[in-house]
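Inside the fold
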Amino acid sequence: MTGVINDTNSVDVAVIGGGINGLVAAALLARTGRSVVLLEAATQTGGMATNAAQLACGLPTSLIRRLKLKKHGLSLLGSHVGRVALDPDGRHIPLGGKGRAARRATREAIFRWSSRDAEAWDSVTASLDGLSGALTPWVVGDAPHLHDLDRRQRLAWALQLFRLRRQGRAALQEVLQLLPSNAADFLDDRLETDILKGALALEATRTSQHGPRAPGSMLHWQWERTLEQAGSAGTVQVAGGAKGLIAALRDAAMAAGADIRCSAPVTQLLIEDQTVLGAVLEHGEEIRARCLVSAIDPRSTYLDLVGARHLDAGLVNNLRHQRPGGALGRITLTLGRRPTIARLTDEMWARRLMLAPSVPEVERASNAAKYDDLPDHPVAEITVPSVLDRNGLADGRELLTALVPFLPQHPRQGWSKARDLLAARVVKQLSAYAPDLPDLIEDISILTPEDMDPAGVGLSSWHHLDLAPDQLMGFRPVAELGGHDRPIKGLILAGAGSHPGGGLNGRAAMRAVRDVLAEGRRERS
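About the criteria used
Residues numbered from 1 in each chain as written. Predicted model: local features only at pLDDT ≥ 70, side-chain atom pairs only at ≥ 80, totals over all residues. Heavy atoms only, no water. Axes fitted to C-alpha atoms, helices over the stretch in contact; angles between N-to-C directions. Helix = DSSP H or I, 4+ residues; strand = E, 2+ residues; numbered from the N terminus. Contact = heavy atoms within 4.5 Å. Nonpolar A, V, L, I, M, F, W, Y, C, P; charged D, E, K, R; others polar. Phe/Tyr/Trp six-rings, centres within 6.5 Å; stacked < 30°, edge-to-face > 60°. Lys NZ or Arg CZ within 6 Å of the ring centre and 35° of its normal. Pairing = 2+ DSSP bridges. 1 Å grid on protein atoms, 1.4 Å probe; cavity = no way out; pocket = protein on both sides within 12 Å on 5 of 7 lines; lining within 4 Å. Points joined across faces, edges and corners; volume = space filled by probe spheres on them. Buried < 20%, exposed > 50% of the residue type's maximum accessible area, 1.4 Å probe, protein only. Salt bridge = Lys/Arg side-chain N within 4 Å of Asp/Glu carboxyl O. Parallel < 35°, antiparallel > 145°, perpendicular 65-115°, else oblique. Left-handed = near helix turned anticlockwise from the far one by under 90°.

**Re the packing of helix α4 (residues 115–140) against helix α7 (residues 183–190)**
Look at α4 against α7: their axes get within 10 Å of each other, and the N-to-C directions meet at 140 degrees. The residues of α7 that touch α4, namely those facing R116, D117, A120, V124, S127 and L128, are F186, D189 and R190. Among the residues forming the contact of α4 with α7, the class breakdown is four nonpolar, one polar and four charged.

Written out as structure tokens, the structure reads:
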């Protein structure tokens, strides 16, 4: 589509989508002196992140400093937020955290279950850290693309392989053997304590469509783990939750000079000679841009906004067959007071509580979604954000949030009937650990995959696409879009469906900004 465009509607960069990645891209690009407009279809910025909990995994401290987010109101209440493997009888196992004391507490808790597991724990974590270390350069750096590697990328590949080889043949062999395998086998081969293995299996697969016995679940686990650990503060709790982070990013973008426009849905891109010229809004307004950054999902970007007529048939087919990440739900309980869980300390209450009794229970929960059913015994990651952030709550009251994985996008009975059933099953599962919970509930808020995907594109996972071997690095979102030779010049992806994935960390946007700046340098040379 072409047309005469008013120069007053001309900018250097137009950003589509006002989620975390869109806001990060707009703020960083505006700080380079470029004129930037951000176009968000909804009435407010935030995207899917408005439904997220109060934890940000792997938020880069470099991004906090560059955008001066603390000056714009960002407040971090806790760092390196660990997990707890819950036990109904009170023999809980704290996992993660930072420092020798945290590691010692984990080993001592495991020892109460199994001296064998306590002895093996350091070896298990060393293997996991080795895998994460091997992935780190690819997760935090640019996505290497196998069929158009330039000299710099070839050197990066060679350097990383050399680093792995220097660690010894055994370390290299372990990386090559474990990453394609499944998480359940890794855990069963090394540990025997059910609640410990269950908690780790849930950590491994909570954003996947598949359970811990699925091939590739080990790579999915370690990719997410590397994203989480890539931020020097690990997983942090943000005051005000994701909305607090969104507000700080929005203020930082506006302070840098970005124009943020809500209720401005883009319906089509202006394209001529396979080059993007700008965007058309719902009511016909046209905005010219030298570069367009899309922070929405890749399928909507290319199939709906670009259109199949501008694309190779193979690319269209590949985009249509992308596999989404696992569908998630979120249940928030307002409680009259904190429930009673045997021997759960105040420090443990501030962690992520893993409701996953064993690996088979996690696997069974994942199977139901294959048949468009709810799990009979859902597993969940529980947080109680009000332990550190009262956020207007009356004295004594608490907020408890359950992130529930392995849900069908469209259950057979429909979400109008299934939503209350899901809440009832989650509360029943929790009551096995906190018997007084049902009597403390004052209000229930339920977000289904349908609620978390208001655009109706079938993506309720914060990664948009599954973190599978054929949808990572240079193959993310598809091989044709993973390199620098893009089918539409000037159109750059920055959403969770692009490298390295989603979450409240902005890394996909940071990578996209590097591409925008590199493209600008190539045009000038």
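**With respect to the packing of aromatic side chains**
Aromatic ring pairs: the centre-centre distance and the angle between the two ring planes describe each pair. Under the counting rule described, the total for this entry stands at one aromatic pair. Residues F186 and W221 carry aromatic rings whose centres are separated by 6.1 Å and whose planes lie at 80 degrees to one another, so their mutual orientation is edge-to-face. Taken as a pair, F186 in helix α7 and W221 in helix α9 (residues 217–230) lie far apart in primary sequence, 35 residues in all. Between the NZ or CZ atom of R91 and the centre of the ring of W113, over which it lies, the distance is 3.7 Å.

**Overview of the sheet that holds strand β3 (residues 55–57)**
Read across the sheet, three strands follow the order β3-β7-β4 without closing on themselves; strand pairing throughout is antiparallel. In the strand order of this sheet, the two ends are held by β3 and β4 (76–78), each with one partner. The sheet shows a mean angle of 45 degrees between the axes of neighbouring strands, taken without regard to direction. Relative to strand β7 (residues 235–238), β4 runs antiparallel, the two being bridged by two bridges. Bridge assignment links L76 to a residue of β7, and that residue is V238.

**Brief notes about the environment of V238**
Inspection of the secondary structure puts V238 in strand β7. Each C-alpha atom of the pair V238 and V427 lies 26 Å from the other, and the pair is 189 residues apart in sequence.

**Considerations on the layout of surface pockets**
Approximately 790 Å³ is the volume found for the second largest pocket. Lining of the second largest pocket is provided by 29 residues; of these, G96, G97, D129, R225 and Q229 occupy positions nearest its centre. Where the lining of the second largest pocket is concerned, the elements lending two or more residues are α3 (100–111), α4, α8 (194–205) and α9.

**A look at the pairing of strand β15 (residues 398–407)**
Counting buried positions along β15 gives nine out of ten residues, so the element sits mostly inside the fold. The pairing of strand β12 (residues 327–335) with β15 spans eight bridges and is antiparallel. Note on β15: the bridge partner recorded for R330 is L403. When strand β14 (residues 380–383) meets β15, the two strands line up antiparallel, connected through three bridges. Looking at β15, one finds that E381 is bridged to L403.

**A closer look at the pattern of salt bridges**
Inspection of every chain in the model, using the stated rule, returns 28 salt bridges. With a closest N to O distance of 2.7 Å, D373 and R412 form a salt bridge. Here D373, found in the loop between α14 (359–368) and β14, pairs with R412, found in the loop between β15 and α15 (415–431); they are 39 residues apart in sequence, far enough to count as distant. Taking relative accessible area as the criterion, D373 reaches 24% and is therefore assigned partly exposed. Judged by relative accessible area, R412 falls into the exposed class, the value being 63%. A salt bridge links D515 to R486, with the nearest nitrogen and oxygen atoms 2.9 Å apart. Of the two residues, D515 is situated in helix α17 (residues 507–524) and R486 in the loop between β16 (441–447) and β17 (491–493); the sequence distance between them amounts to 29 residues. Its relative accessible area of 8% is what places D515 among the buried residues. Among the residues examined, R486 registers a relative accessible area of 15% and is labelled buried. Salt bridges linked by common partners bring R83, E203, R206, E224, E228, R352 and E381 together as one network.

**Here's the deal with the sheet that holds β14**
In spatial order, the strands read β6-β5-β13-β14-β15-β12-β16; together these seven strands make up an open sheet with mixed pairing. Every other strand in the sheet has two partners, leaving β6 (93–95) and β16 as the edge strands with one partner each. Adjacent strand axes in the sheet meet at a mean angle of 25 degrees when their direction is disregarded. With three bridges joining them, strand β5 (residues 83–85) and strand β13 (residues 352–355) adopt parallel strand pairing.

**Here's the deal with unusual backbone geometry**
The step from R476 to P477 runs through a cis peptide bond, and the omega angle for that step is 0 degrees. Position of P477 relative to the elements: it lies in the loop between β16 and β17. Here the bond from H499 into P500 is cis, since omega is 5 degrees, no more than 30 degrees from zero. One non-glycine residue, K68, adopts positive backbone phi at about 50 degrees. As for its position among the elements, K68 is in the loop between α2 (61–66) and β4. Positive phi outside glycine occurs at R343, with the angle close to 60 degrees. Along the chain, R343 falls in the loop between β12 and α13 (346–349). When its relative accessible area of 62% is taken as the criterion, R343 is described as exposed.

**Focus on the packing of α7 against α8**
Helix packing for two helices is described by the angle between their axes and how far apart those axes are. Put simply, α7 and α8 touch, their axes get as near as 10 Å, and they point 160 degrees apart. Here α7 is positioned roughly antiparallel relative to α8, judged by the angle of their axes. Where α7 crosses over α8, the handedness of that crossing is right-handed. Within the contact between the two elements, α7 uses A183, L187 and D188 and α8 uses K197, L200, A201 and A204. Of the residues belonging to the contact of α7 with α8, the class tally is five nonpolar, no polar and two charged.

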